[in-house]
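The chain contents come next:
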Amino acid sequence: IDRKGSTEIGAATGAAAGVGLSAATGKQDIFHGVGTEVTFFSTRSQQIGVVSLPTRPVVTAATTVTTVTTPTLFVTMPESTAIAVTLVDSIDTDVQISGATFRAKLSAPVIVEGHTLFADGAAARGILTNVVESGRLKTPAELNFSLTAIQDGEGHWVDVGTMTISEKKDSHTN
């Protein structure tokens, strides 16, 4: 969520998403707990291989065994495809640092042209590209994060490019 303007880049929702205010320090950190739902959008079109059928033997009338291999079908996931995930790890500007990774799982399948590219519940991972811990007065908390890969039906990690979700709290002195 781009809190600096009116453009919504992505969305983080749920009871576990929001601002943490420490009574001891007065700092306002950005916190997204386990179970927070986040929607990312892909930044480029890319071809994704749909899980192919395994090779299978075919027995003909003459009892000859022939192996038939079905080729992998590639489907293009268009730019701006919505990828909804639920966080498996908490994200907190008071704890994490830039470059840290987080785990998530798909909260809905990614389906293109009737083909399921990634199943509901598939493992996903992302990166915190910019984390600024809230200071006592003038340094507001900032958080930028994006999805980097999703696990396909065969257990392989497929790199994905998504728009960065950006959040920034207002200055404490305003």
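Since the model is a prediction, treat every value here as computed from it, not as a measurement. (Residues numbered from 1 in each chain as written. Predicted model: local features only at pLDDT ≥ 70, side-chain atom pairs only at ≥ 80, totals over all residues. Heavy atoms only, no water.)

1. Some remarks on the overall build of the protein
Turning to step 1, where the next piece is worked out: Assigned secondary structure in the protein consists of zero helices and 17 strands.
Turning to step 2, where the next piece is worked out: Within the protein, the fraction of its 174 residues that count as buried is 34%.
Turning to step 3, where the next piece is worked out: Considering only intrachain contacts with a sequence separation of at least 6, the fraction spanning at least 24 residues in the protein is 61%.
Turning to step 4, where the next piece is worked out: As displayed, the protein offers around 9,400 Å² of accessible surface, 53% of which is attributable to carbon and sulfur atoms. (Helix = DSSP H or I, 4+ residues; strand = E, 2+ residues; numbered from the N terminus. Buried < 20%, exposed > 50% of the residue type's maximum accessible area, 1.4 Å probe, protein only. Contact = heavy atoms within 4.5 Å. Areas by Shrake-Rupley, 256 points an atom, 1.4 Å probe, with all protein chains shown as cover.)

2. Here's the deal with the nonpolar core
Turning to step 1, where the next piece is worked out: If you look at the biggest cluster of nonpolar residues, it comprises 30 residues, and the most contacted ones within it are V85, L117, F145 and I150.
Turning to step 2, where the next piece is worked out: For this core, the element with the most residues is strand β15 (residues 142-151), which contributes four residues. (Core = buried A, V, L, I, M, F, W, Y, C linked by side-chain atoms within 4.5 Å.)

3. So, the environment of T129
Turning to step 1, where the next piece is worked out: As for its position among the elements, T129 is in strand β14 (residues 123-132).
Turning to step 2, where the next piece is worked out: For the pair T129 and N144, spaced 15 residues apart in sequence, the C-alpha separation works out to 5.4 Å.
Turning to step 3, where the next piece is worked out: Ignoring anything within four residues of it in the chain, the contact list for T129 reads S98, N144, F145, S146 and T164.

4. Considering the side chain of S42
Turning to step 1, where the next piece is worked out: Checked against the element boundaries, S42 lands in the loop between β4 (37-41) and β5 (46-50).
Turning to step 2, where the next piece is worked out: Of the polar contacts made by the side chain of S42, one reaches the backbone nitrogen of T81; its length is 2.9 Å.
Turning to step 3, where the next piece is worked out: Sequence-distant contacts of S42, defined by excluding residues within four places in its chain, comprise M77, P78, E79, S80, T81, G161, T162 and M163. (Polar contact = N/O pair within 3.5 Å; in protein donor to acceptor, adjacent residues only side chain to side chain.)

5. Things to note about the confidence of the model for the protein
Turning to step 1, where the next piece is worked out: Within the protein, residue pLDDT values average 78, and 69% of them lie at 70 or more.
Turning to step 2, where the next piece is worked out: Mean pLDDT across the secondary structure elements of the protein bottoms out at strand β2 (residues 17-21), with 49, and peaks at strand β11 (residues 101-106), with 96.
Turning to step 3, where the next piece is worked out: Considering only residues more than four positions removed or in separate chains, one finds that residues 1-9, a stretch of pLDDT under 50, has 18 contacts.
Turning to step 4, where the next piece is worked out: For the stretch residues 13-17, pLDDT sits under 50, and the model shows 11 contacts to residues farther than four places along the chain or on other chains. (pLDDT = per-residue confidence, 0-100.)

6. Concerning the packing of aromatic side chains
Turning to step 1, where the next piece is worked out: Enumeration according to the criterion identifies two aromatic pairs in this entry.
Turning to step 2, where the next piece is worked out: With a centroid separation of 5.9 Å and an interplanar angle of 80 degrees, the aromatic rings of F102 and F145 are classed as edge-to-face. Here F102 is found in strand β11, whereas its partner F145 is found in strand β15, with 43 residues between them in sequence.
Turning to step 3, where the next piece is worked out: F102 gets classed as buried once you look at its relative accessible area, which sits at 2%.
Turning to step 4, where the next piece is worked out: An aromatic cluster of at least three residues, connected via ring pairs, comprises F40, F102 and F145. (Phe/Tyr/Trp six-rings, centres within 6.5 Å; stacked < 30°, edge-to-face > 60°.)

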